[in-house]
Amino acid sequence: MQVMCLYITGHLNSVFPAEYRKEILRYLYCHQNEDGGWGFYIEGHSTMFGTTLSYICMRLLGEGPDGGLSGACSKARKWILDHGTATSIPSWGKTWLSILGVSEWAGSNPMPPEFWILPSFLPMHPAKMWCYCRLVYMPMSYLYGKRFVGPITPLILQLREELYAQPYNEINWRSIRHLCAKEDLYYPHPLLQDLMWDSLYFLTEPLLNRWPFNKLREKALQTTMKHIHYEDENSRYITIGCVPKALCMLACWVEDPNGVCFKKHLARVPDYLWVAEDGMKIFGSQAWDAAFAVQALLATGLTEEIGSTLMKGHEFIKASQVKDNPSGDFKSMHRHISKGSWTFSDQDQGWQLSDGTAEGLKCCLLFSTMPPEIVGEKMKPAQLYDAVNIILSLQSKNGGIAAWEPAGSSDWLEILNPTEFFVDIVIEHEYVECTSSAMQALVLFTKLYPMRRRKEIENCLTGASAYLEKIQMQDGSWYGNWGICFTYGTWFALGGLAAAGKTYGNCPAVRKGVKFLLGSQLEDGGWGESYKSCTEKTYIPLEGGSNLVHTAWAMMGLIHARQMERDATPLHKAAKLLINSQLENGDFPQQEQAGVFKENCLLHYALYRNIFPLWALADYRKHVLPQLKGI
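We now turn to the structure provided with this report. Since the structure is predicted, the reported quantities are computational estimates derived from the model, not experimental observations.

### Some details on the packing of helix 6 (residues 91-100) against helix 11 (residues 242-255)
Helix 11 packs onto helix 6 with a crossing angle of 30° between their chain directions and a minimal axis gap of 13 Å. Compared by their axis directions, helix 6 and helix 11 come out roughly parallel. The interaxial crossing formed by helix 6 with helix 11 has left-handed handedness. Taken together, the residues of helix 11 that come into contact with helix 6 (itself represented by Trp 92, Trp 96 and Ile 99) are Val 243, Ala 246, Leu 247 and Leu 250. Its residues placed into classes, the contact of helix 6 with helix 11 shows 7 nonpolar, no polar and no charged.

See below:
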């Protein structure tokens, strides 16, 4: 998407010079499937979305129609044509193809910008949407309302011929609006939603593009662009994520190709770029990774040996805390408080995250108990109080903690989910991981600041504990939303319950959670869970054996539940596997992806392979080995 945006705006070669383009192509070649396609994520089966966008990316980066490593382009094009052609790409793909000029807007369902001027009393008002969904469809609706199409270059004309099985000008675009390749379809749209799209397409859109209703369209576009500028400015042009980044940047260029907003967007593209063994990719989880890495290092107890590293980590985490709320009347711009929070990436991004805030807070609280000459000056209490305020503000009535903004919108709004490959994206929800992280942080905070908001924190912990117990699965596990899957969720849940004083002896949920983990341990002492668990909503073992990150999560979950006081054998076996799996240089082998986004998209956290085995072994050394006689 970023490549397409830069191609349209004429800045591809300046932002992505030759070596960058080479590394992006290398990434694509490394992850092309044997059948010639690409998945929605790098371990997934081939999809029309992944394959079409990857093919277009290769062509825009200079590969010929039959070029690429080992005929990558030819294989990809064959896959596209054999699986229904680009007419069956999901809705996000149809939007990008229309923007690029290799599809027609008539083939997309409407995304009317008038949505952004709806009265606030309506149940589908933008303020009631999940923030990520809101910030993707905001620039999409602007570009749709403008019916923007990029420059039709010779390469675009070639792509029009390559992506379809019939001449471009003979395609019945109206008929493809609801088409989606079976390989991409995870959330089939209900009939009610299709009727809504048809009504907008055949009735509303023709009216809004004619006088006098086109005056309303002009107002809606202005309001939408106002929101885009507000979000850009308050994220320092990073935006909430890589998908809205490309869309917001393009919207700014459409409004003013020479404007300062677009130039500011260009300057922040490098914030998303990362180079690894497999090439260049786009991601940004700096604060998230740092908080986990610091806690793993602190768990080792090697303070004097790694003091300089700890000090650097401490300084980064302190610097990454958001110092202010969004500017101006942020509530009218559908924003929540952010002062005192931590984001997923860095301070500039500005988007508060409950579990990110909790993990950052835990780090700063732990550092505050250590010698400042080794780890640096501790964070000021007022900043810690701000972080607690963020966490408490995100608790729902059911006791759970939401991720970005307070939850509470009606569940039925999920019927309006316009995507085909995600679920539960329309409104904000509560999550086991966010709830557990918040509980652990608040308990640690209360130990150090026992009189600060004591009653509120006690009530929060009581509600959060009840929430965790309520959402436990029948088999004793918890469904993890941001990692794979039941192993990840159970690690978090047991940590949260332990922080709240729940034990194997006094809490049935803890006993059931322990039983689940012990029951899923493999013969080699490890754990391994398939990503298919996320979509099937039931535990599915990983084909091929143990995964070291999953093993570490399970170990830490069992240690939270004090398994070593009953039978330490499962922990000894798991520790042996981790120790024997470490490479000569201290690294751990890269295995399957461990992160998840909205059930159906895996995320690659490169540092997880080292953070969690280290953390688990450190906890093992601290809590399990002393149980053995003579140690």
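Next comes the rest of the write-up.
### Remarks on the pattern of salt bridges
By the definition in use, this model includes 23 salt bridges. The partner of Arg 134 in a salt bridge is Glu 405, with the nearest N and O atoms 2.9 Å apart. Residue Arg 134 is located in helix 7 (residues 131-146), and its partner Glu 405 is located in the loop between strand 5 (401-402) and strand 6 (430-431); the two are separated by 271 residues in the primary sequence. Taken as a pair, Arg 134 and Glu 405 share a single burial class, namely buried. Here Arg 268 makes a salt bridge to Asp 271, at a shortest N to O gap of 3.0 Å.

### Observations concerning the environment of Leu 297
On the secondary structure map, Leu 297 appears in helix 13 (residues 286-299). On a C-alpha basis, the gap between Leu 297 and Ala 251 in space is 43 Å, while along the polypeptide they are 46 residues apart.

### Some thoughts on the pairing of strand 3 (residues 273-276)
Of the strand pairs in this sheet, strand 3 and strand 4 (residues 279-282) are connected by 4 bridges, and their pairing is antiparallel. Opposite Leu 273, over in strand 4, you have Ile 282 as the bridge partner. Where strand 3 hands over to strand 4, the hairpin turn is made up of 2 residues, counted between the paired strands.

### Quick notes on the nonpolar core
Note on soluble globular proteins: their nonpolar side chains tend to be buried together. In terms of nonpolar packing, the biggest core is built from 196 residues, with Met 58, Tyr 608 and Phe 612 touching the most fellow members. Take this core: its biggest share by element is 11 residues, from helix 7. Those residues in contact with Met 58 that lie beyond four places of it in its chain are Leu 25, Leu 28, Tyr 29, Trp 38, Glu 63, Ala 72, Cys 73 and Ala 76.

### Observations concerning helix 11
When the terminal C-alpha atoms of helix 11 are compared, their 20 Å separation across 14 residues agrees well with the 20 Å that a helix rising 1.5 Å per residue should span. The buried fraction of helix 11 amounts to 11 of the 14 residues, a majority that puts the element mostly inside the structure. Among all positions in helix 11, only Val 243, Pro 244, Lys 245, Ala 246, Leu 247, Cys 248, Met 249, Leu 250, Ala 251, Cys 252 and Trp 253 are buried. Buried positions along helix 11 lie against helix 1 (2-9), helix 6, helix 7, helix 10 (214-234) and helix 12 (260-268).

### Side note on the environment of Glu 183
Along the polypeptide, Glu 183 turns up in the loop between helix 8 (154-162) and helix 9 (191-208). Put simply, Glu 183 and Ser 46 are 137 residues apart on the chain and 7.1 Å apart in space, counted from C-alpha to C-alpha. Aside from chain neighbours lying at most four places away, what touches Glu 183 is His 45, Ser 46, Thr 47, Trp 79 and His 83.

### A word on the packing of aromatic side chains
Think of a pair of aromatic rings as described by two things: how far the centres are apart, and how the planes are tilted against each other in angle. Applying the stated rule across the entire model yields 51 aromatic pairs. Aromatic pair Trp 105 and Tyr 144: ring centres 5.6 Å apart, planes at 80°, arrangement edge-to-face. With Trp 105 in the loop between helix 6 and helix 7 and Tyr 144 in helix 7, this pair connects stretches of sequence that are 39 residues apart. The exposure classification of Trp 105 matches that of Tyr 144, with both residues buried.

### A word on the state of the cysteines
Taken as a whole, this structure holds 0 disulfides when the rule is applied. Take Cys 252: it sits in no disulfide, and the sulfur closest to it among the cysteines is that of Cys 261, at 5.0 Å. Using a relative accessible area of 1% as the deciding quantity, one classes Cys 252 as buried.

### Examining the side chain of Arg 21
If you trace the backbone, Arg 21 turns up in helix 3 (residues 18-30). Nearest to the buried, unbridged Arg 21 among oppositely charged side chains is Glu 19, at 8.9 Å. Apart from the residues within four sequence positions on either side, Arg 21 is in contact with Asn 13, Phe 16 and Leu 61.

### Examining the side chain of Glu 420
Along the polypeptide, Glu 420 turns up in the loop between strand 5 and strand 6. Lacking a salt bridge, the buried Glu 420 has Lys 94 as its closest oppositely charged neighbour, with an N-O distance of 6.2 Å. At 3.1 Å, the side chain of Glu 420 forms a polar contact with the side chain of Ser 91. Once residues within four sequence positions are removed from consideration, Glu 420 is found in contact with Pro 90, Ser 91, Cys 180, Asp 184, Leu 185, Tyr 186, Tyr 187 and His 189.

### Regarding the packing of helix 4 (residues 48-60) against helix 6
A pair of packed helices can be characterised by two numbers: the angle between their axes and the separation between those axes. For the pair helix 4 and helix 6, interaxial distance at closest approach is 10 Å and the crossing angle is 20°. Put simply, helix 4 runs roughly parallel to helix 6. Considering how the two elements wind past one another, helix 4 and helix 6 form a crossing that is left-handed. Contact with helix 4, carried on its side by Phe 49, Thr 52, Leu 53 and Ile 56, involves Trp 92, Gly 93, Leu 97 and Leu 100 of helix 6 and no other residues of that element. Of the residues belonging to the contact of helix 4 with helix 6, the class tally is 6 nonpolar, 2 polar and no charged.

### Examining unusual backbone geometry
A cis amide bond links Trp 211 with the next residue in sequence, Pro 212, at an omega value of 5°. Structurally, Pro 212 is set in the loop between helix 9 and helix 10. Even without a glycine there, the phi angle at Tyr 237 is positive, about 70°. Position of Tyr 237 among the secondary structure elements: in the loop between helix 10 and helix 11.

### Remarks on the environment of Leu 273
Its place among the elements puts Leu 273 in strand 3. A relative accessible area of 15% places Leu 273 in the buried class. Residues Leu 273 and Ile 24, spaced 249 residues apart in sequence, show a C-alpha to C-alpha distance of 9.9 Å.

Conventions we followed
Residues numbered from 1 in each chain as written. Predicted model: local features only at pLDDT ≥ 70, side-chain atom pairs only at ≥ 80, totals over all residues. Heavy atoms only, no water. Axes fitted to C-alpha atoms, helices over the stretch in contact; angles between N-to-C directions. Helix = DSSP H or I, 4+ residues; strand = E, 2+ residues; numbered from the N terminus. Parallel < 35°, antiparallel > 145°, perpendicular 65-115°, else oblique. Left-handed = near helix turned anticlockwise from the far one by under 90°. Contact = heavy atoms within 4.5 Å. Nonpolar A, V, L, I, M, F, W, Y, C, P; charged D, E, K, R; others polar. Salt bridge = Lys/Arg side-chain N within 4 Å of Asp/Glu carboxyl O. Buried < 20%, exposed > 50% of the residue type's maximum accessible area, 1.4 Å probe, protein only. Pairing = 2+ DSSP bridges. Core = buried A, V, L, I, M, F, W, Y, C linked by side-chain atoms within 4.5 Å. Expected span 1.5 Å × (residues − 1). Phe/Tyr/Trp six-rings, centres within 6.5 Å; stacked < 30°, edge-to-face > 60°. Disulfide = S-S within 2.5 Å. Lys, Arg positive; Asp, Glu negative; His and termini not counted. Polar contact = N/O pair within 3.5 Å; in protein donor to acceptor, adjacent residues only side chain to side chain.

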